[in-house]
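Fold and contact review
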Amino acid sequence: MRSTLDIARIMEAIPHRFPFLLVDRVVDLIPGVSAVGIKNVSINEHVFQGHFPRHPVFPGVMIIESMAQTAGVLVVETLGPASRGKLVYFMSVEGAKFRKPVVPGDQMRVHVTKERQRGNVWKFSAEAKVDGAVVAEATYAAMILDS
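Described in the following lines is the structure provided in the data block. (Residues numbered from 1 in each chain as written. Predicted model: local features only at pLDDT ≥ 70, side-chain atom pairs only at ≥ 80, totals over all residues. Heavy atoms only, no water.)

**A word on the pattern of salt bridges**
Counted under the stated rule, the structure contains 5 salt bridges. Glu77 serves as the salt-bridge partner of Arg9, at 2.7 Å between the closest nitrogen and oxygen. Taken together, the residues span a long stretch of sequence, with Arg9 in helix α1 (residues 7–13) and Glu77 in helix α2 (residues 60–79) at a distance of 68 residues. Between Lys123 and Glu94 there is a salt bridge, with the nearest N and O atoms lying 3.6 Å from each other. With Lys123 in strand β6 (residues 121–130) and Glu94 in strand β4 (residues 87–98), the pair connects residues that are 29 residues apart, well separated along the chain. You can call Lys123 buried: its relative accessible area is 17%. (Salt bridge = Lys/Arg side-chain N within 4 Å of Asp/Glu carboxyl O. Helix = DSSP H or I, 4+ residues; strand = E, 2+ residues; numbered from the N terminus. Buried < 20%, exposed > 50% of the residue type's maximum accessible area, 1.4 Å probe, protein only.)

This is how it looks when you write it as structure tokens:
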């Protein structure tokens, strides 16, 4: 069953908060399979004060973090209510590629797919898209721990 999560439900699922909460909505969530996180990139993002003042570009590491947060929501929704509040720690990032810059006004859609799970270690693949075009991609692993 596909579901949609608003910002309140996302904040129940993962501990991130402003200015580091990088997912505004999750759509097409299929527990144990995949999810799409939406990040509306605004000129009001704190990172644009220094990256770069005259040519604002959303940093690649923030795109990767948005992928990780979307995966964190997928994990919590897969494991159920008992997993809310658990922390998702990055273990590795592989094959990260950045294809096009993400700029203020873009709506980034982060497509995350679970590749496998062994115990509390999960592996994901992700693509970030703007207007249907891939802007970044990566494969990464995360460990789920009690907070």
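From this point, the narrative continues.
**Remarks on the pairing of strand β3 (residues 34–40)**
Along β3, 6 of the 7 residues are buried, which leaves the element largely enclosed by surrounding structure. Pairing of strand β2 (residues 25–30) with β3 involves 4 bridges; the strand directions are antiparallel. Of the residues in β3, the one forming a bridge with Ile30 is Ser34. Connecting β2 to the next strand, β3, in antiparallel fashion are 3 residues, including Gly32 with a positive phi near 80 degrees. (Pairing = 2+ DSSP bridges.)

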